[in-house]
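Understanding the architecture of this molecule
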Amino acid sequence: IVGGLLVAFPNQAAIWLIILIGCLFLGPGIYSMITFWTLRKTEGYRPVFPIVGLGSVILGLWMVFNPAFFARSIMLALGGLLVVAAVGQLASVFRARRVAPTPIFFYAFPVFLLVAGAYVITNLDMAVALPFYIVGISIYCYMALFHYFK
């Protein structure tokens, strides 16, 4: 059932996963804020304001109330990192070409990274859904093999 849902509704699965992670950020943040306010009322004890707890609450609220923006911004950042890594690897291969002859397949992986980064940047929604497609199909394959060898 889970594999079918992941394959049928990958975008909704991504949104609900981000909302779940946002709720997980909210829990410790709210706990630290409540602890601060209760300890502040104690005589003679002056706790430090929980900046990390406040940041956790803000990040959790952002993820709960605007998960699509969070998913798109993360994919944009990861696509940018792929492009930067590919350019760095291509520069290294070009520098290595001055020292010794480099086979053509040394350029394959950096070019693949560059294409993958460009794909992620241009197709943000599909890049969010693709891992859920893969996980859903993997669940199907695992269950088929499990029942086959049972």
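Refer to the preceding data block for the structure.
What comes next concerns the included structure. (Residues numbered from 1 in each chain as written. Predicted model: local features only at pLDDT ≥ 70, side-chain atom pairs only at ≥ 80, totals over all residues. Heavy atoms only, no water.)

Things to note about a nonpolar patch on the surface
On the surface, a nonpolar cluster with roughly 430 Å² of combined accessible area is contributed by L17, L20, I21, L24 and F25. Within the secondary structure, L24 sits in helix α2 (residues 10-40). (Patch = residues over 30% accessible without salt bridge, like charges linked within 9 Å, V, L, I, M, F, W, Y side chains within 5 Å. Areas by Shrake-Rupley, 256 points an atom, 1.4 Å probe, with all protein chains shown as cover. Salt bridge = Lys/Arg side-chain N within 4 Å of Asp/Glu carboxyl O. Helix = DSSP H or I, 4+ residues; strand = E, 2+ residues; numbered from the N terminus.)

Let's talk about the packing of α2 against helix α6 (residues 124-149)
The axes of two packed helices give the description: the angle between them and the distance between them. The interhelical angle for the contact between α2 and α6, taken along N-to-C directions, is 90°, at an axis separation of 8 Å. Here α2 lies roughly perpendicular to α6, going by the angle between them. Contacts between α2 and α6 involve P10, N11, A13, A14 and L17 from the first element and D125, V128, A129, F132 and Y133 from the second. The residue makeup of the contact of α2 with α6, split by class, is eight nonpolar, one polar and one charged. (Axes fitted to C-alpha atoms, helices over the stretch in contact; angles between N-to-C directions. Parallel < 35°, antiparallel > 145°, perpendicular 65-115°, else oblique. Contact = heavy atoms within 4.5 Å. Nonpolar A, V, L, I, M, F, W, Y, C, P; charged D, E, K, R; others polar.)

Some points on the packing of aromatic side chains
All chains considered together, the criterion is met by nine aromatic pairs. With 5.2 Å between their ring centres and 85° between their planes, F36 and F49 make a pair best called edge-to-face. With F36 in helix α2 and F49 in the loop between α2 and α3 (51-65), this residue pair connects regions lying 13 residues apart in the sequence. Overall, the relative accessible area of 36% leaves F49 in the partly exposed class. Seen in terms of ring centroids, W62 and F70 are 5.0 Å apart; in terms of plane orientation they differ by 85°. Their pairing is edge-to-face. Judged by its relative accessible area of 32%, W62 is partly exposed. The rings of F36, W37 and F49 are connected pair by pair, giving a single aromatic cluster. (Phe/Tyr/Trp six-rings, centres within 6.5 Å; stacked < 30°, edge-to-face > 60°. Buried < 20%, exposed > 50% of the residue type's maximum accessible area, 1.4 Å probe, protein only.)

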